[in-house]
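# Structural description and commentary
Here are the chains, one letter per residue:
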Amino acid sequence: MRNQFKGYVLGAIAAASYGMNPLFALPLYKAGLDTDSVLFFRYLFAIPLVGIMLKARGRDFKIVREEVPWLLVMGLLMALSSLALFESYNFMDVGVASTLLFVYPIMVALIMCLVFKEKLSMRILLCIILALGGIGLLYKTGSGATLSLTGSAWVFVSALSYAIFLVGINQSRLKDMPTLKMTFYVLLFGFTLFLFRLDFGRSLAYPHEWYLWANLLALAVFPTVISFLCTTSAVHYVGSTPTAILGALEPVTAVFIGVAMFGEDLTFRESIGLVLIILAVTLVIAG
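Below you will find a few notes about this structure. Keep in mind that what you see is a predicted model, and the values were worked out from it rather than measured. (Residues numbered from 1 in each chain as written. Predicted model: local features only at pLDDT ≥ 70, side-chain atom pairs only at ≥ 80, totals over all residues. Heavy atoms only, no water.)

If you check the backbone angles, Asp-199 has positive phi at about 55° while not being a glycine. Counting through the fold element by element, Asp-199 comes out in the loop between helix H9 (179–197) and helix H10 (210–238). We classify Asp-199 as partly exposed; its relative accessible area is 34%. Located in the positive-phi region is Phe-200, a residue other than glycine, with phi close to 55°. (Helix = DSSP H or I, 4+ residues; strand = E, 2+ residues; numbered from the N terminus. Buried < 20%, exposed > 50% of the residue type's maximum accessible area, 1.4 Å probe, protein only.)

Looking now at H9. Compared with the 27 Å implied by 1.5 Å per residue over 19 residues, the 28 Å span of H9 between its first and last C-alpha is a close match. Two residues or fewer after H9 comes Asp-199, characterised by a positive phi angle close to 55°. (Expected span 1.5 Å × (residues − 1).)

What follows is about the side chain of Glu-87. You can see Glu-87 is positioned in helix H4 (residues 67–88). Here Glu-87 occupies a buried position and makes no salt bridge, while the nearest side chain of opposite charge, Arg-197, is found at 4.3 Å. Apart from the residues within four sequence positions on either side, Glu-87 is in contact with Tyr-29, Thr-35, Trp-154 and Arg-197. (Lys, Arg positive; Asp, Glu negative; His and termini not counted. Salt bridge = Lys/Arg side-chain N within 4 Å of Asp/Glu carboxyl O. Contact = heavy atoms within 4.5 Å.)

This brings us to the side chain of Ser-81. By the secondary structure assignment, Ser-81 is in helix H4. Given a relative accessible area of 1%, Ser-81 falls into the buried group. Not counting residues within four places of it along the chain, the set of residues in contact with Ser-81 comprises Tyr-18, Ser-158, Ser-161 and Tyr-162.

By size, the foremost hydrophobic cluster in this structure holds 66 residues, and its most contacted members are Tyr-43, Phe-86, Tyr-104, Phe-165 and Leu-166. Going through the elements one at a time, helix H2 (21–30), helix H3 (35–56), H4, helix H5 (94–100), helix H6 (104–114), helix H8 (149–170), H9 and H10 are the ones with two or more residues in this core. Aside from chain neighbours lying at most four places away, what touches Phe-165 is Met-74, Leu-77, Met-78, Val-186 and Thr-232. If you look at the next biggest cluster of nonpolar residues, it comprises 21 residues, including Ala-131, Ala-248, Val-252 and Leu-274. (Core = buried A, V, L, I, M, F, W, Y, C linked by side-chain atoms within 4.5 Å.)

Here it is in structure tokens:
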């Protein structure tokens, strides 16, 4: 029971910290950095941070040959999910992208049900319905314009990649690998995607202000290191489906950041949406 509670708390922290992506990424976009450059530095800074944490706990970096293909696939899936989500920011509001991304818990539940024959309980179905209802109430477009098809496609790719990642780390040889070690290699192998896309650094764009470097560091710490560590730990403790549903806190974080940091209004409709999402998360934990 103690481990389950720990898993739910870690899943909530993972979702909330991942929802901070736009807070640090958008100023970098405005300064002229492209998506690949932002993610290149995000992973570049995160890898040594996790490595230091790994050594500080007295762990080694040793892995066996059979684990390499799984780590490579998981790393590329996570990198693809990051790339697709950040690309979607170029085509739609980040709040809209964050809400659309929440289709991934449904994907996780369906994958577990169809592929691994996990029973889809009425409680899980109710939680998904409540959370989706809350997300729908949080959804808004500032100008009332229709959604970008390209942006929506990018978000769908991000959600599917993340869903497969969540299932994969719990249904493969990596299930019993220590969280820090797995996170280190997932980031390391994921980093290769941006290295190739940037022609091994020849197409890399650099920030020219000190505060932008601080943004890159924050992007590496909060929605990367903290989120990835908490996600993998939560999956180990409570499984893929509950961890995915706890991801409902990600768009909630986006709303609170908008209100607290950018002075946005919190309407009655959005408040009801937040209540529905919190209720869904509470039902997952209570179950």
